[in-house]
Amino acid sequence: MHYQTESWGTYFPTTTSFNDPLHRIEQLAAENAVVIFSLSGCCMCHAIKTLFCGMGVNPTVYELDQEALGNDMEKALMMLLGTSSPVPVVFVGGKLVGAMDRVMASHINGSLVPLLKEAGALWL
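Just so it is clear, the structure is predicted and the values come from calculations on it, not from any experiment. (Residues numbered from 1 in each chain as written. Predicted model: local features only at pLDDT ≥ 70, side-chain atom pairs only at ≥ 80, totals over all residues. Heavy atoms only, no water.)

For the rest of this paragraph, the subject is helix H3 (residues 70-81). The terminal C-alpha atoms of H3 lie 16 Å apart, and with twelve residues this matches the ideal 16 Å at 1.5 Å per residue to within 8%. Of the residues making up H3, those classed as buried are Gly 70, Met 73, Glu 74, Ala 76 and Leu 77. Projected down its long axis, H3 carries its buried residues within an arc of 165°, all on one side. Turned more than 90 degrees from where H3 packs its buried face, Asn 71, Lys 75 and Met 79 sit exposed. (Helix = DSSP H or I, 4+ residues; strand = E, 2+ residues; numbered from the N terminus. Expected span 1.5 Å × (residues − 1). Buried < 20%, exposed > 50% of the residue type's maximum accessible area, 1.4 Å probe, protein only. Arc of directions from axis to C-beta.)

Next comes the structure, spelled out in structure tokens:
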């Protein structure tokens, strides 16, 4: 698992502000095959990270409680998902997969592995 201490185009309006949390999410989500937005003390986030690592995927994880724009990014993710819980949120190939429920549903119905292969996160 790769932790970051520091696009995803069609889901966000084009912005030019570097400090815009949606722009930051878009930028970070586009940089790696699998990106997880997480909170360091969140048990559901731990479960998602464990799922991907167990599948042989090396996700890039952004712990929002350690990001400069973390609080604003949490609010932006809640708005994006329409939920009251902002994390975990998973992007694969720069595209939003969703929160825990959507990721687990994709895993159970068999659509997650092809998505990971298409993004270059899995080779087998």
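Contact geometry of helix H1 (residues 21-30) with H3 gives a least axis separation of 8 Å together with a crossing angle of 85°. In terms of their interaxial angle, H1 and H3 are classed as roughly perpendicular. Between H1, through Pro 21, Leu 22, Arg 24, Ile 25 and Leu 28, and H3, the contact on the second element is made entirely by Asp 72, Met 73, Ala 76, Leu 77 and Met 79. (Axes fitted to C-alpha atoms, helices over the stretch in contact; angles between N-to-C directions. Parallel < 35°, antiparallel > 145°, perpendicular 65-115°, else oblique. Contact = heavy atoms within 4.5 Å.)

Counted under the stated rule, the structure contains two aromatic pairs. Geometrically, the ring pair formed by Phe 37 and Phe 91 is edge-to-face, given 5.6 Å between the ring centres and 85° between the ring planes. With a gap of 54 residues between them, Phe 37 in strand E2 (residues 34-38) and Phe 91 in strand E4 (residues 89-92) connect regions that are remote in the sequence. When sorted by exposure, Phe 37 lands in the same class as Phe 91, which is buried. Members of the aromatic cluster, each reached through a chain of ring pairs, are Phe 37, Tyr 62 and Phe 91. (Phe/Tyr/Trp six-rings, centres within 6.5 Å; stacked < 30°, edge-to-face > 60°.)

Okay, the packing of helix H2 (residues 43-54) against helix H4 (residues 100-109) next. Closest axis-to-axis distance for the H2/H4 pair is 11 Å, and the angle between their directions is 30°. On the basis of the axis angle, H2 is roughly parallel to H4. Here H2 and H4 pass one another in a crossing that is left-handed. Within the contact between the two elements, H2 uses Met 44, Ala 47, Ile 48, Leu 51 and Phe 52 and H4 uses Met 100, Val 103, Met 104 and His 107. Residue classes in the contact of H2 with H4 are distributed as eight nonpolar, one polar and no charged. (Left-handed = near helix turned anticlockwise from the far one by under 90°. Nonpolar A, V, L, I, M, F, W, Y, C, P; charged D, E, K, R; others polar.)

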